[in-house]
Amino acid sequence: MSTDTGTNSSPPAGSGGLVMGKDGMSALVDVLIARGFTVVGPTVRDGAIVLAELRSADELPYGWGVELEAGHYRLRERPDGAAFANAAGPQSWKRFLHPPRVRQWSADRVEGELVLTAGEAPPPRYAFLGVRPCDLRAIAVQDRVLTGGAYRDGGYAERRSGALLIVVECTEPGATCFCVSMGTGPAAGPGYDLVMTEVADEAGHRFWVRGGSPEGAEILAELPARPADPGTRETARAGVTAAADRMGRTMPEADLRELMAGTLDAPRWDDVAGRCLTCGNCTMVCPTCFCTTTEDTTDLTGDHAERWRLWDSCFDLDFSLLHGGPVRATTRSRYRQWMTHKLGTWYDQFGSSGCVGCGRCIVWCPVGIDITEEAAALDDWTRSGKPAPAPREGSGPP
């Protein structure tokens, strides 16, 4: 499987790829299961497109799109039957590679002796079907954070080392997407094992598929497919190009790292603090946020104890708690910490932005706070030297 974490690019020159229909998608899931993979992909559940284990390609969200806005998410039916013409849902692949709950160890008192047991069984070998280009970059970002430095997360490394990444390029961005601003899409960058572009037009419903690794090429060779015809290739490429021109959001054309560093005292932080609930939704749905805490539990007898690692959020008052109290006691300071880290100081730590432009934090904020709007307001303030105007009408929840 591929673990290349370079910059966004197109498939290798000369890789014409293959074209397959819905039968090929069904065969793909069957081949992956036969090879021992746990296949995870998008499916419809509870009024949303969520990631779950797939037993069949029939579980993919054929005919479903999404309607997105700040604080707003709704499914909508599509007449073309497309499976992947929907923007990022409430979950990301982080849920499987960096799970929200991981048991680190358990301890039992057995006949007066303390017996320690390793926390987790070996992870399954995942095949992620339907990874968006922005999420492909997010996986690369988490690779750097969790395995690229002195403090390596062995559990993440084990889950990641066996993961097969099947990317679907975007042809229909959502109203909250801004991957073009972050250089993460809608075309797939490197790091995939297979990449496909979905086409649904008068010529039929089909997928243009290309290999990105030796294992991906082996799997592709097992599928019922034909050499890609020029018409399908050109239609697919045109769909991705058009998607780049239809982004629902954009970041300001500024050096975001410098912008964050130069606006720490901007009055806009007071404005956003008056709206933010410090609920932490943005950090939970973000595909790159990685903070955790630990929790120890015991049973009523005192003979069994466990230590769990749990997702944590910098919006939690106790996140920065020291012996004298929390370092960031105000909503203003906590929101500023999150946004300046995501867009600015992440570069200092890891050499890239921590934002991939997926827009999840905008959609799943209950009061509709928009990170692109906040960045634009800070940029306006920097350029004018005056406080930015109030949020535009309609920026809150519907």
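For the structure, see preceding data.
Residues numbered from 1 in each chain as written. Predicted model: local features only at pLDDT ≥ 70, side-chain atom pairs only at ≥ 80, totals over all residues. Heavy atoms only, no water.

### Observations concerning the environment of R35
By secondary structure assignment, the location of R35 is in the loop between α1 (22–34) and β2 (38–45). Contact partners of R35, with chain neighbours within four places excluded, come to E215, E218, I219 and E222. (Helix = DSSP H or I, 4+ residues; strand = E, 2+ residues; numbered from the N terminus. Contact = heavy atoms within 4.5 Å.)

### So, the packing of aromatic side chains
This model, assessed by the stated rule, comprises 13 aromatic pairs. Seen from their ring centres, F315 and W338 are 6.0 Å apart, and the 50° between their planes marks the pair as tilted. Linking F315 in the loop between β14 (304–311) and β15 (321–322) with W338 in helix α11 (residues 331–350), this pair joins segments that are 23 residues apart in sequence. Overall, F315 belongs to the buried group, its relative accessible area being 3%. Here the aromatic residues W93, F96, Y126 and F128 are joined through ring pairs into a cluster of three or more. The side chain of K22 reaches across the aromatic face of Y62, ending 4.2 Å from its centre. A cation over a ring is seen here: K94 above W311, with NZ or CZ 4.5 Å from the ring centre. (Phe/Tyr/Trp six-rings, centres within 6.5 Å; stacked < 30°, edge-to-face > 60°. Buried < 20%, exposed > 50% of the residue type's maximum accessible area, 1.4 Å probe, protein only. Lys NZ or Arg CZ within 6 Å of the ring centre and 35° of its normal.)

### A few points about the sheet that holds strand β9 (residues 164–168)
Read across the open sheet, the eight strands follow the order β3-β2-β8-β9-β10-β11-β1-β12; overall the sheet is mixed. Both edges of this open sheet fall to β3 (48–53) and β12 (226–227), since each of them pairs with a single strand only. Of the strand pairs in this sheet, β2 and β3 are connected by six bridges, and their pairing is antiparallel. In the sheet register, T43 faces β3, and the bridge partner there is V50. Across the sheet, helix α7 (residues 230–244) touches β1 (18–20), β10 (194–201), β11 (204–211) and β12, and the angle it forms with β10 is around 95°. (Pairing = 2+ DSSP bridges. Axes fitted to C-alpha atoms, helices over the stretch in contact; angles between N-to-C directions.)

### Description of the sheet that holds strand β13 (residues 292–298)
A sheet is described by the order of its strands in space; here four strands give the open sequence β7-β6-β14-β13, paired in antiparallel fashion. Every interior strand has two partners, whereas the edge strands, β7 (113–118) and β13, have only one. Neighbour-to-neighbour, the strand axes of the sheet open up by a mean angle of 15°, direction not taken into account. Relative to β14, strand β6 (residues 101–110) runs antiparallel, the two sharing seven bridges. What sits directly across from R101, in β14, is L310.

### What to know about the side chain of S333
You can see S333 is positioned in helix α11. A polar contact of 2.8 Å, which involves the side chain of S333, links it to the backbone oxygen of T330. (Polar contact = N/O pair within 3.5 Å; in protein donor to acceptor, adjacent residues only side chain to side chain.)

### Let's talk about the packing of helix α3 (residues 133–147) against α11
Running from amino to carboxyl end, α3 crosses α11 at an angle of 55°, the nearest separation of the two axes being 11 Å. Here α3 is positioned oblique relative to α11, judged by the angle of their axes. The handedness of the crossing between α3 and α11 comes out as left-handed. In this structure, α3 contributes V141, R144 and V145 to the contact, and α11 contributes W346, Q349 and F350. Across the contact of α3 with α11, the residue classes break down as four nonpolar, one polar and one charged. (Parallel < 35°, antiparallel > 145°, perpendicular 65-115°, else oblique. Left-handed = near helix turned anticlockwise from the far one by under 90°. Nonpolar A, V, L, I, M, F, W, Y, C, P; charged D, E, K, R; others polar.)

### Looking at the pattern of salt bridges
Counting across every chain of the model gives 27 salt bridges. A salt bridge links E172 to R78; the nearest nitrogen and oxygen atoms lie 3.1 Å apart. Note that E172 is positioned in the loop between β9 and α5 (179–182) and R78 in the loop between β5 (72–77) and α2 (94–97), a separation of 94 residues in sequence. Given a relative accessible area of 25%, E172 falls into the partly exposed group. For R78, a relative accessible area of 13% translates into the label buried. The salt bridge involving D370 is made with R249; its shortest N-O contact spans 2.5 Å. Of this pair, D370 sits in the loop between α12 (360–363) and α13 (371–384) while R249 sits in the loop between α7 and α8 (256–261), and the two are 121 residues apart along the sequence. Here D370 and R249 have matching classes, each one buried. Bridged by salt links that share partners, the residues R268, D271, R275, E373 and E374 form one connected network. (Salt bridge = Lys/Arg side-chain N within 4 Å of Asp/Glu carboxyl O.)

### Overview of a nonpolar patch on the surface
Taken together, the side chains of W105, L114 and L116 define a hydrophobic patch exposed on the protein surface, amounting to about 340 Å² of accessible area. Mapped onto the elements, L116 comes out in strand β7. You can call L116 exposed: its relative accessible area is 61%. (Patch = residues over 30% accessible without salt bridge, like charges linked within 9 Å, V, L, I, M, F, W, Y side chains within 5 Å. Areas by Shrake-Rupley, 256 points an atom, 1.4 Å probe, with all protein chains shown as cover.)

### With respect to the nonpolar core
Ranked by size, the top nonpolar core spans 29 residues in total, and within it M251, Y335, W338, M339, L343 and I371 carry the most contacts. Put simply, the parts of the chain that give this core at least two residues each are α8, α9 (268–273), α11, α12 and α13. Look past the residues within four positions of Y335 in its chain and what remains in contact with it is W269, V272, C276, F315, I369, I371 and E374. Ranked by size, the runner-up nonpolar core spans 27 residues in total, among them M25, L164, V168 and I219. (Core = buried A, V, L, I, M, F, W, Y, C linked by side-chain atoms within 4.5 Å.)

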